[in-house]
Amino acid sequence: MGKIFCLMGKSSSGKDTISKKLLQDKQLNLKSIIPYTTRPIRHNEVQGFDYHFVSEELLAHYREMGKIIEQRDYYTINGKWSYCTIDDGQINLTQDNNYLLIATLESYENLQNYFATSDVIPLYIEVDDGVRLLRAIEREKQQAQPNYEELCRRFLADSNDFSKQKLEDLEVTKFYPNENINQCINRIKTDILQVIHKS
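Residues numbered from 1 in each chain as written. Predicted model: local features only at pLDDT ≥ 70, side-chain atom pairs only at ≥ 80, totals over all residues. Heavy atoms only, no water.

Undergrad: Pulling in residues and values, what's your account of the overall build of the chain?
TA: In terms of regular secondary structure, the chain is built from 7 helices and 9 strands. Taking 199 residues into account, the globule formula puts the C-alpha radius of gyration at 16 Å, and the chain, at 17 Å, falls close to it. Seen along its three principal axes, the alpha-carbon backbone of the chain occupies a region of about 45 × 45 × 35 Å. Buried positions account for 47% of the 199 residues belonging to the chain. Total accessible area computed for the chain in this model is approximately 10900 Å², and 49% of it derives from carbon and sulfur atoms. Each charge sign in the chain was given a centre, from 25 positive and 29 negative side chains, and these centres are 5 Å apart. (Helix = DSSP H or I, 4+ residues; strand = E, 2+ residues; numbered from the N terminus. Rg over C-alpha atoms; globule rule 2.2 N^0.38 Å. Buried < 20%, exposed > 50% of the residue type's maximum accessible area, 1.4 Å probe, protein only. Areas by Shrake-Rupley, 256 points an atom, 1.4 Å probe, with all protein chains shown as cover. Lys, Arg positive; Asp, Glu negative; His and termini not counted. Charge placed at Lys NZ, Arg CZ, Asp CG, Glu CD.)

Undergrad: Residue-level account of the sheet that holds strand S9 (residues 175-177), with values.
TA: Sheet architecture is open: 5 strands sit in the order S2-S7-S1-S8-S9, paired in parallel fashion. At either end of the open sheet lies a strand with only one pairing partner, and these are strand S2 (31-32) and S9. Bridge count between strand S1 (residues 4-8) and strand S7 (residues 99-102): 4 bridges; the pairing is parallel. Residue pairing across strands places Phe5 opposite Leu100, the latter belonging to S7. Sheet contacts for helix H3 (residues 105-114): S1, S7 and strand S8 (120-126); angle to S8, the most-contacted strand, approximately 170°. Of the strands in this sheet, S1, S8 and S9 are in contact with helix H7 (residues 181-198), which crosses S9 at around 150°. (Pairing = 2+ DSSP bridges. Contact = heavy atoms within 4.5 Å. Axes fitted to C-alpha atoms, helices over the stretch in contact; angles between N-to-C directions.)

Undergrad: Hey, could you go over helix H1 (residues 15-24) for me, with residue numbers and the actual values?
TA: Within the sequence span of H1, burial applies to Lys15, Ile18, Ser19 and Leu22. Summarising the axial view, the buried residues of H1 lie within an arc of 100°, below the 170-degree limit, and thus occupy one face. Residues of H1 that are buried sit in contact with S1, S7, S8 and H7. (Arc of directions from axis to C-beta.)

Undergrad: Outline the environment of Lys174, supporting the account with residue identities and numerical values.
TA: By the element assignment, Lys174 lies in the loop between helix H6 (164-169) and S9. Taking the C-alpha atoms as reference, Lys174 lies 9.2 Å from Ile125; in sequence the two are 49 residues apart. Apart from the residues within four sequence positions on either side, Lys174 is in contact with Tyr124 and Asp191. Within the local environment of Lys174, its side chain forms a polar contact with the side chain of Asp191, the two groups lying 2.6 Å apart. (Polar contact = N/O pair within 3.5 Å; in protein donor to acceptor, adjacent residues only side chain to side chain.)

These figures capture arrangement, not role.
Encoded structure:
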């Protein structure tokens, strides 16, 4: 059986960069799971690569078909944005495929409920809040229309979404500090290889 590795962490903890590096690693041979979202595309994102950017109507169609594995709804400054993983043929654990997905604690828990708990592995990235905030501001500056209000909402929501209690409840106990990104990636790679070789 293959595994789904869930890369998690608060906003601006480096998940996108780490994910890209891990997916490029031929030794790991991880497949990406492209999530779906109704939020607007950012200037540096690619349709079908970073996300499948879809309408509320298309999401409702998938729901009617029973294809939604997990869904999270966020009520942002700009309205409701949904993020979800859809059973669209991307995931096949029976062929020893191993996958990497950027996830939240909520989506991690839902994936465990949908698949076997032992097949969904958490990888939690940890970064100092001050460092994250500076990164988030720099990233937002690059947007065509920076939305600092939404940035602040998301930053504050992270404290609740990734609280110590919630991490403990879901038995996410191993953290990967991202002070040096190459060291962080190497630690994650080592652990992924150990899991793959055991399965």
